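Listed here are the chains, written in short residue letters.
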Amino acid sequence: MAVISAYDLGYEKLEDTLNLLQKMINTVCNLQKWNGHLYNWYNLRNLEPLMPRYVSSVDSGNFIRIFICCKTVLYEFSK
């Protein structure tokens, strides 16, 4: 949401915003998961899940909400 807000406030160009969002989505897709669910915490240097490994349904729900917002914004960009 920070990336989209930076664009909305005029701090980033559309091309840079879309580029950064694509990189972020690619990173998330490549993270280790448990039964398709993201772990709560990852090491930022090697992207390995931190111990103890656990999945939070609350945090997963919040994460999905962000993607729904991103989908809405990207739809608006495409108009």
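The structure displayed is predicted, hence computed values, not measured ones.

Participant: Help me out: how do you make sense of the side chain of serine 56 in this one?
Facilitator: Inspection of the secondary structure puts serine 56 in the loop between β2 (37-38) and α3 (57-77). There is a polar contact of 3.1 Å between the side chain of serine 56 and the backbone nitrogen of aspartate 59.

Participant: Just to check I follow, could you spell out the nonpolar core for this structure?
Facilitator: Where a protein is soluble and globular, its nonpolar side chains tend to be buried together. Val3, Ile4, Leu21, Cys70 and Val73 together form the largest nonpolar core, which totals five residues. At the level of secondary structure, the elements contributing two or more residues to this core comprise α1 (2-8) and α3.

Participant: For this particular structure, what's the right way to read the layout of surface pockets?
Facilitator: If you roll a probe as big as a water molecule over the atoms, it shows you where there is empty space left. Taken as a whole, the largest pocket encloses approximately 740 Å³ of empty space. Mapped onto the lining of the largest pocket, the elements with two or more residues apiece are α1, α2 (14-30), β2 and α3. Per-element tally for the lining of the largest pocket: the top contributor is α3, with nine residues.

Here is what the cut-offs are and how they apply
- Residues numbered from 1 in each chain as written.
- Predicted model: local features only at pLDDT ≥ 70, side-chain atom pairs only at ≥ 80, totals over all residues.
- Heavy atoms only, no water.
- Helix = DSSP H or I, 4+ residues; strand = E, 2+ residues; numbered from the N terminus.
- Polar contact = N/O pair within 3.5 Å; in protein donor to acceptor, adjacent residues only side chain to side chain.
- Core = buried A, V, L, I, M, F, W, Y, C linked by side-chain atoms within 4.5 Å.
- Buried < 20%, exposed > 50% of the residue type's maximum accessible area, 1.4 Å probe, protein only.
- 1 Å grid on protein atoms, 1.4 Å probe; cavity = no way out; pocket = protein on both sides within 12 Å on 5 of 7 lines; lining within 4 Å.
- Points joined across faces, edges and corners; volume = space filled by probe spheres on them.

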